[in-house]
Every structure is written in C-alpha cells, then in structure tokens.
Amino acid sequence: MAVPLSNLAPNLLVSKLCLGTMTFGEQNSLSQSFKLMDKAFDSGINFFDSAEMYPVPQRAETQGRSEEYFGRWLRERKIPRDRVVFATKVSGPSGQMTWIRGGPTSLDSRNIKEAIDNSLLRLQTDYIDLYQVHWPDRYVPMFGETDYDPVRQYSPVSFDEQLDALGRAVDAGKIRFIGVSNETTYGVMKFLQAAENNSTYPRIASVQNSYNLLCRNFDSGLAECCHLERVSLLAYSPLAMGVLSGKYLLRDGGADDARLNLFKGRYSEGESRYNLSNTKIREATKAYVSIAERYGIHPVSLAIGFVLRHPLVSSTIFGATKLCQLEQVVSACDIKLSPEIIADIDEVHSRFPNPCS
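Rules used in this analysis
- Residues numbered from 1 in each chain as written.
- Predicted model: local features only at pLDDT ≥ 70, side-chain atom pairs only at ≥ 80, totals over all residues.
- Heavy atoms only, no water.
- Buried < 20%, exposed > 50% of the residue type's maximum accessible area, 1.4 Å probe, protein only.
- Helix = DSSP H or I, 4+ residues; strand = E, 2+ residues; numbered from the N terminus.
- Pairing = 2+ DSSP bridges.
- Right-handed = clockwise from strand over helix to strand, strands pointing away.
- Contact = heavy atoms within 4.5 Å.
- Axes fitted to C-alpha atoms, helices over the stretch in contact; angles between N-to-C directions.
- Polar contact = N/O pair within 3.5 Å; in protein donor to acceptor, adjacent residues only side chain to side chain.
- Phe/Tyr/Trp six-rings, centres within 6.5 Å; stacked < 30°, edge-to-face > 60°.
- Salt bridge = Lys/Arg side-chain N within 4 Å of Asp/Glu carboxyl O.
- Core = buried A, V, L, I, M, F, W, Y, C linked by side-chain atoms within 4.5 Å.
- Parallel < 35°, antiparallel > 145°, perpendicular 65-115°, else oblique.
- Left-handed = near helix turned anticlockwise from the far one by under 90°.

Caption draft 1: Here's a closer look at the pairing of strand E3 (residues 17-20). The two faces of E3 match: Leu17 and Leu19 on one face and Cys18 and Gly20 on the other face are all buried. Pairing analysis gives 3 bridges linking E3 to strand E10 (residues 313-318), with the strands arranged parallel. Bridge pairing in E10 places cysteine 18 opposite isoleucine 317. One crossover worth recording links E3 to the parallel strand E4 (residues 47-49) by way of helix H1 (residues 30-42), and it is right-handed.

What follows is the structure, given as structure tokens:
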C-alpha cells in the first residue's frame, strides 16, 4: 500500500508519513542517510523534516549536517525540487548552543533572517517549503514539563516581529509556508491573531507537537484551536522515542545502539520525558504493547496507526536509523485499527492519562 497523501495547506500536498532527519550526521553516516532517504522516497514519502540545530544530541562539530545531507541527497539523486516537501526549523532562545548565533539569544528579525539564509546555504536549494519556529521565544513548559510557572516568564520578542521577518522571507521566495513547534494554544492563537490584523504577515499552516499513545495533550485544548482555525498537526515522536516499539522492555533493555541507550546521560529531553523507570510510563507502555500482541500486530503498527487515524494529523514525523525500522513504520499504513482496539487503547489511557506529557 502506498503512503497516503494529505493537504497540509492549500497547494501543499504531503505524505502522511514524514521522515525526520535528526539522526543524520550523528547516528547515521552520509551513506546510511542516503539509503534511508532513498527507501523513504521509493515508498511514497515526499515529506522530510529537519532543523538548523540537527543532528542530536547537538554539538558544534555536527550542527547543520542533517540539512546538508538532505541537500546533497537531493542533488546527487537528481530529484526534481518540486517532487519533495522539505521542512526545517529556526532554534528558539536557548543559551546552551552558543555555536548558533551565540545561544541563540532570541527569535528577533536578525536571528530569523540569518537562520533562513544559513539553512539555504547548507541545503544549496532556492527555497524551503515549510519553515517552523522550533520552540517559542517566551517561557512555556515543554519537553516534558507540564506546569506553568509565572515567575519564569520574561520579555519575549513580539509575535509581530517574528511574523514580519518570516513574511519578508516568504515575499523573497525563500520560504513557502510557515509553522510553529512545541507551541501552546495561546501561542497559536496569538500568531493567528497577528496575521489576521496585518495582511502582510503569513498565516501559520501547522503546529509540530509531540503526539503519541503516551502523550495526548494535544487533544485537551489545542485540538479545538487547530480544528476551528484550520491549522494542521504535524505529530512528532509517534513512537515516544522508540519506547512504544517495546524494545526497551526487553530483558537486556534494548540494543546498545538504541538512541536512549547510546546517548544515555546526553539526551535530557528523551531521558526526562520517556523514562521507563517511571512506574506509570512503564506500565502504560507494557499495556499498549500487550494490546498489539493480543491483536497480532506489531507494537510499531499500533502506535503509528493510532496517530495516523487522528483527523487533525496531516503527517506524523518519525525517525529511523535502520532500513528495517523505516519499513516497519511504512507497513503501518496497511493497518486499520478496529473499534475494539481503540476501545482497549482508551481503557489504558483512562488508567494512565498522558504519563509522558
């Protein structure tokens, strides 16, 4: 079965599966990355996602390689530019990645313009299809945090300044559409409100947030916003960083080259959000894997199928470091989850609601 297509935005048709490239240049060599992109493209995947900070774990020595690898693949395979949809992201304020514009320090117009130009240089392409704000230029709970702390708020760059800079890039033909990532309902609505009040600003087409069996926070409030405002969800981490495959539940704790084992102590987001030493996370994961076994389907198919059936998901962004992993995700397109399976999933969710918020 071919990977189905979806309208992310008017005149932007994407495959329902999107290959994330954040391992390219760290876990995956150039040749391995090419083979993964070849297989994805041949399987009907036309959508690829990256970020200026990739690969992860982030290092000054490797920063930007994921974009470079995609650009080289596009040129060396002589793939017409309009046959693929490429998305990338500008890093929000961090202070930790000093090799990216000193931190980065903010998402002001200078930083956004410089980030776009540098991504285009690495890609060696004329334009980016979807350009996203990787995380907000203001304090919000994210990457495993759940509770808002007013004390941590600071004076951010305005939504207007960000949209003005992005709009100038659209007008210059450097980017086609814009989106946000790791964003809240408040942030999405403020971006939309600013664009509604100024016709020169582009309207956000998508929000890229985590969504999987262990993290369904999107459904609590952001889903209503996206539905009524016609903003697509790009669901990242559909396998909860591989946890929902069940591999970390094995007696040996999974292969040494599995991401959470390979980068133990170096990958704070994964280790904090998807920590199987947390009883609720472990028990919920075991319950979902048991559902898959009971119905004779692979746990990966259950996890991917659950995300793909969501009516607001335009595409789900997954990572793969091996061809067999990519093939397993693609095969999930053949799986239709029955009402009985969904009922069992919802029963587990009622016992363990969003343990990986």
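Caption draft 2: Representation of the side chain of serine 91 within the structure. Summarising the element assignment, serine 91 is placed in the loop between strand E5 (85-90) and helix H3 (109-123). Accessibility expressed as a relative area gives 1% for serine 91, which makes it buried. The contact partners of serine 91, leaving out residues within four places of it in the chain, are Glu52, Met53, Met97, Ile100, Arg101, Pro104, Leu107, His134 and Trp135.

Caption draft 3: Summary view of the environment of glycine 296. Counting through the fold element by element, glycine 296 comes out in the loop between helix H9 (279-294) and helix H10 (299-308). Under the relative-accessibility criterion, glycine 296 is labelled exposed at 67%.

Caption draft 4: Examining the sheet that holds E4 more closely. Around the barrel, 8 strands lie side by side as E3-E4-E5-E6-E7-E8-E9-E10; this closed barrel has parallel pairing. With strand direction ignored, the average angle separating the axes of adjacent strands in the sheet is 30°. In this sheet, strand E6 (residues 128-133) lies alongside E5 in parallel orientation, the contact comprising 4 bridges. Across the sheet, threonine 88 pairs through a bridge with tyrosine 131, a residue of E6. The sheet contacts of helix H5 (residues 185-197) involve strand E7 (175-181) and strand E8 (204-210), and relative to E8 the element is tilted by about 170°.

Caption draft 5: Broad picture of the environment of serine 158. Residue placement: serine 158 occurs in the loop between E6 and helix H4 (159-171). On the basis of relative accessibility, which here comes to 37%, the residue serine 158 falls in the partly exposed class. Spatially, the C-alpha atoms of serine 158 and glycine 144 are 25 Å apart, while their sequence positions differ by 14 residues.

Caption draft 6: Focus on the side chain of arginine 216. Relative to the helices and strands, arginine 216 is located in the loop between E8 and helix H6 (222-229). The buried category is assigned to arginine 216, whose relative accessible area is 12%. Reaching out from arginine 216, the side chain makes a polar contact with the side chain of aspartate 346 at a distance of 3.3 Å. Excluding residues within four positions of it along the chain, arginine 216 makes contact with Tyr211, Phe306, Ile345, Asp346, His349 and Asn354.

Caption draft 7: Just the packing of aromatic side chains, in detail. Here the structure, examined in full by the defined rule, presents 10 aromatic pairs. Between phenylalanine 41 and tryptophan 73, the aromatic rings sit 5.9 Å apart at their centres with planes inclined by 80°, giving edge-to-face as the arrangement. In this pair, phenylalanine 41 is assigned in helix H1 and tryptophan 73 in helix H2 (residues 65-76), connecting sequence segments 32 residues apart. Each member of the pair phenylalanine 41 and tryptophan 73 is classed as buried. Their ring planes at 10° and their centres at 6.0 Å tell us that tyrosine 211 and phenylalanine 306 sit as a pair that is stacked.

Caption draft 8: View of the pattern of salt bridges. Evaluated as defined, the whole model comprises 20 salt bridges. For arginine 81, the salt bridge identified is with aspartate 129, shortest N-O distance 2.8 Å. One end of the pair, arginine 81, is in the loop between H2 and E5; the other, aspartate 129, is in strand E6, and 48 residues separate them in sequence. Both residues of the pair, arginine 81 and aspartate 129, count as buried. Taking the shortest distance from any N to any O, the salt bridge between arginine 351 and glutamate 347 comes out at 2.8 Å. You can see arginine 351 and its partner glutamate 347 sitting in helix H12 (residues 339-351), 4 residues apart, about one turn around the helix.

Caption draft 9: Expanded view of the nonpolar core. Judged by nonpolar contacts, the single largest core of 95 residues is most densely connected at Leu17, Phe48, Phe70, Trp73, Tyr288, Leu302 and Ile345. Considering each element in turn, this core owes the most residues, 7 residues, to H10. Tryptophan 73 has contacts with Phe34, Met37, Asp38, Phe41, Phe48, Ile79 and Val84, leaving out every residue within four places of it along the chain. With 14 residues, the next largest nonpolar core counts Cys18, Leu130, Phe177 and Leu234 among its residues.

Caption draft 10: Representation of the packing of H9 against H12. Running from N to C, H9 and H12 point in directions that differ by 170°, and their axes come no closer than 10 Å. Viewed along their axes, H9 and H12 adopt a mutual orientation that is roughly antiparallel. Relative to H12, H9 is oriented so that their crossing is right-handed. Contacts between H9 and H12 pair Ala284, Ala287, Tyr288, Ile291 and Arg294 from the former with Ile341, Asp344, Ile345, Val348, His349 and Arg351 from the latter.

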